[in-house]
Amino acid sequence: MMCGTGHEPEPGGAGGTDAVFAALLEDSAEELYETAPCGYLSTLMDGTIAKVNATLLGWLGLTRDEVVGRMRFADLLTVGGRLYHETHFAPLLRMQGSVGGIALELRTGEGGRLPVLVSSAVKRGGDGEPLLIRTTVFDARDRHAYEQELLRRRQEAEQARRQAETDRGRLQEALAVLQRSLLPAALPTVPGLEAVAHYHTASPDQLGGDFYDLFPLGGGRWAFFLGDVCGKGPKAAAVTSLTRYTLHAAALHDPDPVAVLTTLNTVLLERYSAGDPRFCTAVVGTLEAEPGGDRFTVRLASGGHPPALVLRANGDCDFLPTPGGVLVGVLPDPTFTPAATTLSPGDALLLYTDGLTEARIGPERALYGEEALQEFAAGYAGASPRALVEALTGLLDGFGDGLDDDTALLALGVPAPGAAADGPR
Amino acid sequence: MDVLRRNNVTVTGDPQGPAVVLAHGFGCDQNLWRLTAPALAEAHRVVLFDYVGAGRSDLSAFREERYRDLAGYAQDAVEVCRALDLRDAVFVGHSVSAMIGVLAARQAPEHIGALVMVAPSPRYVDDVGYRGGFSAEDVDELLASLESNYLGWSSAMAPVIMGNPERPELGRELTNSFCATDPDMARVFARTTFLSDSRSDLASVRVPTLVLECAHDAIAPREVGAFVHAAIPGSELVTLDATGHCPQLSAPEATSAAILEFLARRR
């Protein structure tokens, strides 16, 4: 009986090898059994140990007399191992006649444990009756330590993954709260006007830099703005916050759109002049209901922002040009271009950020562009601001991965006569 | 839901005979009855099944919230009895299945008329005034053994075990497949089995009951057998001269003889 290889070398060959093999044959089977580098034991079918080799006795710290005829194989195991033996090992051995490579632990002399790999086979008599069970026991300390190491690493990796997921969730929640703080919770109700906004967040992991607002100036006048801070992330968000409150305060002080943008320009230059320039684009404007009528006068100015679209009740859809307006926060003495228009019933003004027009579409990943937007919006000329924004939201969703930037939309319109203020026509 | 498929139900023996349901315990599957079932099948309709999560049951039906309680396994047993419309069946439960049988008989008296409890234990962990034979740490050790020995199970092989019960040549290659199961499900069953306490359920048994214990059982010692016998009103106790926790394998003739005698006395 050999451990491992299962067959003995055949004597043969020529010359010197004969002598080597002869020396090997001096290695008696009995000595091999006793001092083999693995444990051997034979038990009766009920597990009572009938024979055990010296190697195994040495591992156990027991004498032959303490073991043979007195202990069962399961007695050598830890209690948990015994449970496993009774529920898995023994039944399998009975059914299959052999079981191999099962990891168990032996209880050793001084209350220690020895991880082992156990294989057993049933020896049958000539009539097929099971006679005894032969078992081989391998020292598996190193393998066990290695497996424990693997197991621990796996558990650590699993733990780290769970922690990372939790952290990411917390971060996203914090970012979402922060992002919401940069936008109005809800738009105010402006008598005789319908105002609808939409904010598309490109990534929950990143703060976007788009912003908008609509607020009263008193005396039947209202101010609005929409813009885009260059860059993303916490630094951009800080600029967004500063920009938003500066615009709000400046408009209350002097609602003239060019004056508001000029104030913002001064503030951004002052705050970020030292080596870390920060700038933005924005459209700022006021709304004023015409006396006795249902029309609104719009005055606005743009600092480097894509032009607003005006949708008329008669189906026209044109950009409101603001040529020459420069980025806000770059030049000490900038030019901002004013423009004005009047919104009659059924008319609407659409402000948007370049996330929309710079989306990539189709297999060519071509820019969506202002022309396509104009064409699309023309289909909603005369419709309510809500219908327009809902259509644009659907358009944005349809862009899929082509839309990789945040996008803000703000539509301001005078409801057409007889139209429900909130519903599409 | 096809319960017969889900629980890999096999029916053998005399279709007209009284029904005997053989339920496996924690560890392996219905194959554990293969040496005992033939003697019973001569004059009985023998029903074998695998609990969900064991053997060739439909592993996709496993829900931890159901099977972390013995009642979930009892539900399997009741649904199998119901699917076959068994009447007055004798439920033979090995090990933890003996206690599952108690719950099933209480829930479905219309299906189950008698119990045979093979090597039962209503609680494995020691308690004040009660010796189950194990500590909570021992159960943790068992869980560690499960962790170290997937016994031929692997996620890649599960579909082979599941999908080809009719191709025995595959079965031959699948060494240890009788005990092969998803380690996560085995862990749930191990916890449910060894951490449950069903002692208070014993007094509720109202059907004729045979307690079949082994003389030398490392998992359910004789004092536990005596406890079960004493707690179930009118139960019979038979001690088999057998070693180990699986008399249906180590002493199949004596086991089937004891069950057949109990069945004969019921007539």
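Residues numbered from 1 in each chain as written. Chains lettered and ligands numbered in written order. Predicted model: local features only at pLDDT ≥ 70, side-chain atom pairs only at ≥ 80, totals over all residues.

J.: Hey, could you run me through the overall build of chain A in this one?
T.: From N to C terminus, chain A includes 11 helices and 17 strands. The buried share of chain A, taken over its 425 residues, is 37%. For chain A, the proportion of contacts with a sequence separation of at least 24, taken over those separated by at least 6, is 61%. (Helix = DSSP H or I, 4+ residues; strand = E, 2+ residues; numbered from the N terminus. Buried ≥ 20, exposed ≤ 12 C-beta atoms within 10 Å, placed from the backbone. Contact = placed C-beta atoms within 7 Å.)

J.: Explain the overall build of chain B to me, please; I cannot follow it from the model alone.
T.: Within chain B, the regular secondary structure consists of 12 helices and 7 strands. Sequence-distant contacts, at least 24 apart, represent 75% of the contacts inside chain B between residues at least 6 apart.

J.: What is the right way to look at the sheet that holds strand β7 (residues 210–218) of chain A in this model?
T.: The strands that make up a sheet are held in pairs by hydrogen bonds between backbone atoms, and each pair lies either parallel or antiparallel. All names here are of chain A. Pairing within the open sheet is antiparallel, and its 5 strands lie in the order β7-β8-β9-β10-β13. Of all strands in the sheet, those with a lone pairing partner are β7 and β13 (337–343), marking the two edges. Between one strand axis and the next, the sheet turns by 15° as a mean value, whatever way the strands run. Bridging between strand β10 (residues 296–303) and β13 involves 7 bridges; their strand directions are antiparallel. The partner of Leu300 across the bridge, within β13, is Ala339. Where helix α7 (residues 233–253) meets the sheet, its contacts fall on β7, β8 (221–229) and β9 (280–289), and the angle it forms with β7 comes to roughly 20°. (Pairing = 2+ DSSP bridges. Axes fitted to C-alpha atoms, helices over the stretch in contact; angles between N-to-C directions.)

J.: What am I meant to see in the confidence of the model for chain B here?
T.: Close inspection of predicted coordinates is inappropriate for parts of the model with low pLDDT. Summary statistics for chain B give a mean pLDDT of 88 and a share of 89% for residues scoring 70 or more. The low-confidence segment residues 154–165 of chain B, where pLDDT is below 50, has 13 contacts with residues more than four positions distant or belonging to other chains. (pLDDT = per-residue confidence, 0-100.)

J.: How do you make sense of the pairing of strand β12 (residues 317–320) of chain A when you look at a structure like this?
T.: Across a regular strand the side chains alternate sides, sitting on one face of the sheet and then on the other. All names here are of chain A. For strand β11 (residues 308–311) and β12, the ladder comprises 4 bridges, and the chain directions are antiparallel. By the bridge assignment for β12, Ala308 is matched with Leu320. Once β11 ends, the chain turns through 5 residues before running back antiparallel as β12, passing Gly315 with a positive phi of about 105°.

J.: It is not clear to me how the interface of chain A and chain B should be interpreted in this structure. Could you clarify?
T.: Interface size, as often reported, equals the accessible area lost upon joining of the parts. Listed per partner, the contact involves 23 residues of chain A and 27 residues of chain B. Counting only elements with at least two residues in the side of chain A that touches chain B, the list comes to α5 (79–96) and β3 (98–107) of chain A. Per-element accounting of the side of chain A that touches chain B gives the leading share, 15 residues, to α5(A).

J.: When you look at the environment of B:Leu48 in this model, what are you seeing that I'm missing?
T.: Residues and elements named next belong to chain B. Structurally, the position occupied by Leu48 is in strand β3 (residues 45–49). Judged by the 24 C-beta atoms lying within 10 Å of it, Leu48 falls in the buried class. Sequence separation of Leu48 and Asp29 is 19 residues, and the distance between their C-alpha atoms is 9.5 Å. Apart from residues lying up to four places away in sequence, Leu48 is in contact with Thr10, Leu22, Gln30, Trp33 and Ala37.

J.: Sorry, what's going on with the packing of α5(A) against helix α6 (residues 136–148) of chain B here?
T.: Pairs of packed helices are described in terms of their axes, by the angle between the two and the distance that separates them. In the contact formed by α5(A) and α6(B), the axes pass within 7 Å of each other and the chain directions differ by 55°. Looking at the two axes, α5(A) sits oblique to α6(B). For the pair α5(A) and α6(B), the sense of crossing is right-handed. Between α5(A) and α6(B), the contacting residues are A:Val79, A:Gly80, A:Gly81, A:Leu83 and A:Tyr84 on the first element and B:Asp138, B:Asp140, B:Glu141, B:Leu142, B:Ala144 and B:Ser145 on the second. A class-by-class count of the residues in the contact of α5(A) with α6(B) yields 5 nonpolar, 3 polar and 3 charged. (Parallel < 35°, antiparallel > 145°, perpendicular 65-115°, else oblique. Left-handed = near helix turned anticlockwise from the far one by under 90°. Nonpolar A, V, L, I, M, F, W, Y, C, P; charged D, E, K, R; others polar.)

J.: Which parts of the structure should I look at to understand the confidence of the model for chain A?
T.: All names here are of chain A. Scored by pLDDT, chain A comes out at a mean of 88, with 93% of its residues at no less than 70. Considering only residues more than four positions removed or in separate chains, one finds that residues 1–6, a stretch of pLDDT under 50, has 6 contacts. Confidence over residues 421–425 falls short of pLDDT 50; this stretch has 15 contacts with residues more than four positions distant or in other chains.

J.: Sorry if this is basic, but what is going on with the sheet that holds strand β4 (residues 89–94) of chain B here?
T.: Residue and element names in this part refer to chain B. Within the open sheet, the 7 strands sit side by side as β1-β3-β2-β4-β5-β6-β7. Their pairing is mixed. The open sheet has two edge strands with one neighbour each: β1 (10–13) and β7 (236–243). Recorded for the sheet is a direction-independent mean angle of 20° between the axes of neighbouring strands. Inspection of the sheet shows strand β2 (residues 19–23) paired to β4 by 4 bridges, in the parallel sense. By the bridge assignment, Val20 is partnered in β4 with Val90. Those strands touched by helix α12 (residues 252–266) are β4, β5 (112–118), β6 (209–216) and β7, and its axis lies near 165° from that of β7.

J.: Just to check I follow, could you spell out the pairing of β3(B) for this structure?
T.: All names here are of chain B. With 5 of its 5 residues buried, β3 lies for the most part within the structure. Residues Arg45, Val47 and Phe49 line one face of β3 and the alternating positions Val46 and Leu48 line the opposite face, and both faces are buried. Direction of pairing for β1 relative to β3: antiparallel, over a ladder of 4 bridges. Bridging from a neighbouring strand, Gly13 pairs with Arg45 of β3. Pairing of β2 with β3 involves 5 bridges; the strand directions are parallel. If you follow Leu22 over to β3, its bridge partner there is Leu48.

J.: When you look at the packing of helix α4 (residues 70–83) of chain B against helix α5 (residues 96–107) of chain B in this model, what are you seeing that I'm missing?
T.: All names here are of chain B. Packing of α4 against α5 brings their axes to within 8 Å, and their N-to-C directions diverge by 60°. Considering the relative orientation of α4 and α5, their crossing is right-handed. Here α4 contributes Leu70, Ala71, Tyr73, Ala74, Ala77 and Val78 to the contact with α5, which in turn contributes Met99, Ile100, Gly101, Leu103, Ala104 and Gln107. Per-class residue counts for the contact of α4 with α5 are 10 nonpolar, 2 polar and no charged.

J.: Just checking my understanding: could you explain the environment of A:Ser120 for this structure?
T.: Mapped onto the elements of the fold, A:Ser120 is located in strand β4 (residues 113–124). Distance from A:Ser120 to A:Phe89, taken between C-alpha atoms, is 9.1 Å for residues 31 residues apart in sequence.

J.: Would you take a moment to explain unusual backbone geometry for this structure?
T.: With glycine set apart, most residues show a phi of negative sign, and most peptide bonds adopt trans. With a phi angle near 55°, A:Arg365 is a residue other than glycine that sits in the positive phi range. Judged by C-beta crowding, with 10 C-beta atoms within 10 Å, A:Arg365 ranks as exposed.

J.: How should I be thinking about the environment of A:Gln206 in this particular structure?
T.: Looking at the secondary structure, you find A:Gln206 in the loop between β6 (194–200) and β7. Considered as a pair, A:Gln206 and A:Gln172 are 34 residues apart in the sequence and their alpha carbons are 8.1 Å apart.

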